[in-house]
Amino acid sequence: MNTSPLFHLFLFLLVPFATACADDNTNDLNQPTAPAVEDHWKQPFFASEETYQADQVNPPYAENGGRSADQMIIYTAAYGDHTNTNPWGVEAIIEDGIVVNVGGNDSPIPSSGMVLSGHGKAANWINDHLEVGDKVEKNGRIIRVISSENSLVNRAQVFIRNGKSRSAEIKHPSINPEHLTALEQTFNTTLKAFKAAKQAGDSSKVQQLAEESLLLGKDYFYYTFPALENDERSAWLEIHGMSQEELEAVFKDLAEIGFNAVCPEVIYRGWSIFPDAPNGLNQYPDFIGRDPMQEMIELGEKYNIKVIPWVWVYFIGVDHFPDLINNRREWLAVSRQGKHPSVVEAGFYYFCPSRDEVKDYWLQIYQHMHEKYQIKDLQLDYIRYPGEPWTNDYCYCEVCRQKFAEQNDGVDPLDISPEANPQLWVKWDKYRQANVNRFVEAVSDLLPGVNISAAVVPDREASLKHKKQDWGKWLDNNWLNTVYIMSYSSDVDLVACHIDYMVAQTDDQHRGIAGLGPFQGMKPEILVKEIDLGRLKQLDGTCLFLYNALTEEQKYALRKGPYRK
């Protein structure tokens, strides 16, 4: 898991799958469920403005709606019904000059407004500067965004209207209609007071009431998401250098938000967080003299949070944390170009999956963890080859070349290609897939009473082709108990499709967890919609990447919404 190069690779690999997937989801889960509100609150007392020059307005019809890397596109009704964009961006829908939705792609274009569609830096600008309820004006390619106390009240109204639409459709024991009625009555009273303060010119009262209105609107909307009491509500956690006091603060915060599980990194960057690991695996320098693993086990018991140790397998470091790279250099994977570090994955070094020494190395360390800490769970990450195009893929070390040649009449994999030697290339792919499979099987055999899980690319076929990661086979053979798909997108339709795909790959004997990506800065209302997909599609829970990246707004939405107690 990584928030930059790996994430972009993940997107690259899933584009064909994602496009087909989006076509099959026509229910527009990520679109607004309420009409725009009228901005009739008189001139604002407090306003801030932002401007942005779009790259094009209604570009010529082309793939991905004509949206290219880092571009901002304006679509009006003259373009068509939808933007026709792929999932790798962010869009804002504006009706009658008011933002009514932020998030998703391939958005419906309102007849009385427009859609702003951004990729890369333009998508970041949309996420950072546009909120539901903001006023938007267009002058040619120039977009002017006005945020004010009026925006807060507009946003609150959209939250209420969307919440009312949801509550009319959803009946659940954790949703008390009387509580919603009370919230709406309080909101209406606050809204009347806001109008009166505007008319009276009481600026301090106006700002206070606008903020109270927005909070009530959020509370109403988030409450319409059923509480997921029996689901796994987990998050991945990076604990780099955290003190014991900081760790306790994290576990306390997790419990208060409503999490019931956490996946902390315990082997990463070529280090362990615990002392006395076998095979010369060094402890993370900031933890020397402590045992954060034991500390987290005790904190988990104290706060009733399950601890799921998260370990990196084949990815073992980069140049600026080189301990394991230098200590076991003879085990490093070698690219087709004869290099160790990956290009697509920004200098990442991997162990060669074909080496029995690598397998035995990690198995002995996992056995130590089991004996010392009585772990009940273990999550494998980077359980795959580097994701490179075939011209620079892995591994072509002497061991791999020799083993493959012995199995295939002396053929050197460096001498074949998928175009010139398709049948041999299939054998080369299967050879590499088998190396990873053997590792997962060995972990399962070593730890029969432990819940073994893995973090994987959502699409089994793309994962198998590009990373030699056959997680479907791992489930079929009961080597895994649980699979966590990494569906990191603010496009709710795409996440829904990933979940549908995972559900089709699992059965009642295995657990499916949707890994979601709030680290991308998605709006809290998008995050709770994605979490609710787990309930709708009867998953076993969700895991958020990354606790460390959660905003206070996202935490509030979880606490008031699907993670509430």
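Rules used throughout
- Residues numbered from 1 in each chain as written.
- Predicted model: local features only at pLDDT ≥ 70, side-chain atom pairs only at ≥ 80, totals over all residues.
- Heavy atoms only, no water.
- Disulfide = S-S within 2.5 Å.
- Buried < 20%, exposed > 50% of the residue type's maximum accessible area, 1.4 Å probe, protein only.
- Helix = DSSP H or I, 4+ residues; strand = E, 2+ residues; numbered from the N terminus.
- Expected span 1.5 Å × (residues − 1).
- pLDDT = per-residue confidence, 0-100.
- Contact = heavy atoms within 4.5 Å.
- Polar contact = N/O pair within 3.5 Å; in protein donor to acceptor, adjacent residues only side chain to side chain.
- Pairing = 2+ DSSP bridges.

This model, assessed by the stated rule, comprises zero disulfides. The closest cysteine sulfur to the non-disulfide-bonded C352 is located on C400, 3.4 Å from its own sulfur. Judged by its relative accessible area of 1%, C400 falls in the buried class.

Turning our eyes to something else, we now look at helix 15 (residues 524–536). Think of an α-helix as turning once every 3.6 residues; residues three or four places apart then point the same way. Compared with an ideal rise of 1.5 Å per residue, which puts 13 residues at 18 Å, helix 15 spans 19 Å between its outermost C-alpha atoms and is within 8% of the ideal. Of all 13 residues in helix 15, 11 are buried; the element is thus mostly enclosed. Taken as a whole, helix 15 has its buried residues at P524, E525, I526, L527, V528, K529, E530, I531, D532, L533 and G534.

This brings us to the confidence of the model for the chain. In this model, the chain carries an average pLDDT of 92, and 93% of its residues clear a pLDDT of 70 or more. Low pLDDT, under 50, characterises residues 1–20; the predicted model gives this stretch 53 contacts beyond four residues in sequence or across chains.

Next up on the list: helix 3 (residues 149–169). Here helix 3 is 21 residues long and its end C-alpha atoms lie 31 Å apart, about the 30 Å a rise of 1.5 Å per residue gives. Burial analysis of helix 3 places 16 of its 21 residues in the buried class, which makes it a mostly covered element. At the N-terminal boundary of helix 3, the capping side chain belongs to S148, with an oxygen 3.1 Å from the backbone nitrogen of N150.

For strand 16 (residues 377–381), the tally of buried residues reaches five of five residues, placing the bulk of the element in the interior. Taking every second residue as pointing to the same face, both faces of strand 16 are buried, with D377, Q379 and D381 on one and L378 and L380 on the other. Looking at chain direction, strand 13 (residues 310–312) and strand 16 are connected through three bridges and run parallel. Looking across to strand 16, one finds that W312 is bridged to D381. The pairing of strand 16 with strand 17 (residues 451–456) spans four bridges and is classified as parallel. From the neighbouring strand, Q379 faces strand 17, where its bridge partner is S453.

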